[in-house]
Every structure is written in structure tokens, then in C-alpha cells.
Amino acid sequence: QGQLVESGGGSVQAGGSLRLSCEASTSIFTFNAMGWYRQAPGKQRVWVATITSGGRTNYEDSVKGRFTISRDTPKNTVYLQMNGLKPEDTAVYYCTAATGPLSGMNYWGKGTLVTVSS
């Protein structure tokens, strides 16, 4: 248990949209927070978005207004809707989860690749 499985990555043209999904093997209600990170080739892994157990969301500045994190608790799934994609969004996207308020993100998926062409 505790596995996170991402899906929905792919290759799109600039301005296009994708919806990433992250399905957990346990109820996402048990997590203090869930979110998404991404890592571009040769770059550091960086935070993208977070949703807390209370439904509060937060976003990295470059994706504000374009990306939306949401959840479907009965399906144990968190989504990242990505609109207005840009080439600089190209990265492997990782789903994460925190088991407590002080744990940090201590569950990680294996990632799904998003490629945006100009």
C-alpha cells in the first residue's frame, strides 16, 4: 500500500492541454497533503502544486492561472489539469504525498513524461 501511480503524460504542442492523474493505493484522505513536482532534463526537481487534506491549493508562480490541482476522493485520485502548455513545461512529472504535517512529501510516484513542442 501507499503506492502512487501517475498517468496522462504525453506529447503536445504549445498551447495544448493535458490532464495528469495520480491514483493512490490507499484513501487519499489519509494523506496530509498531495502534490506534483517536475524535473526537466539536466535540471533540479522542483515543486509545482499542492493540495492539502482540507482542500487548500498552492502553485508555483510559473504555472499559476494555467494549472489546476484537484482531487476525486472516492477514486483515490489527484489530478493536475494543465492548460496553455509551454515548451518550458517539458519535464517528468511526479506525484507526491505527505503522511503528516511535518513529514514533507514522503511518498513518490515513478513519474510521467510531458513533452511540449513549440
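Above this note sits the structure.
Any two aromatic rings considered together are summarised by their centre-to-centre distance and by the angle between their planes. Under the counting rule described, the total for this entry stands at two aromatic pairs. Across the ring face of Tyr94, the terminal group of Arg45 is positioned such that the distance to the ring centre comes to 3.9 Å. Here the basic side chain of Arg45 rests over the ring of Trp108, its NZ or CZ set 4.8 Å away from the ring centre.

The next thing to look at is the nonpolar core. Met34, Trp36, Phe67, Ile69, Leu80, Met82 and Tyr93 are the most contacted members of the largest nonpolar core, which totals 27 residues. If we skip the residues at most four places from it in the chain, Ile69 touches Met34, Gly35, Trp36, Ala49, Thr50, Ile51, Thr57, Tyr59, Val78, Tyr79 and Leu80.

Our next topic: the pairing of strand E4 (residues 33-39). Most of E4 sits inside the fold, with six of its seven residues counted as buried. In this sheet, strand E5 (residues 46-52) lies alongside E4 in antiparallel orientation, the contact comprising six bridges. Across the sheet, residue Arg38 finds its bridge partner in E5, namely Val46. The turn linking E4 back onto E5 is made up of six residues, and Gly42 within it adopts a positive phi angle of 75°. Across seven bridges, E4 lies against strand E9 (residues 91-98) in antiparallel orientation. Bridge pairing in E9 places Met34 opposite Ala97.

Calculation notes
- Residues numbered from 1 in each chain as written.
- Predicted model: local features only at pLDDT ≥ 70, side-chain atom pairs only at ≥ 80, totals over all residues.
- Heavy atoms only, no water.
- Phe/Tyr/Trp six-rings, centres within 6.5 Å; stacked < 30°, edge-to-face > 60°.
- Lys NZ or Arg CZ within 6 Å of the ring centre and 35° of its normal.
- Core = buried A, V, L, I, M, F, W, Y, C linked by side-chain atoms within 4.5 Å.
- Buried < 20%, exposed > 50% of the residue type's maximum accessible area, 1.4 Å probe, protein only.
- Contact = heavy atoms within 4.5 Å.
- Helix = DSSP H or I, 4+ residues; strand = E, 2+ residues; numbered from the N terminus.
- Pairing = 2+ DSSP bridges.

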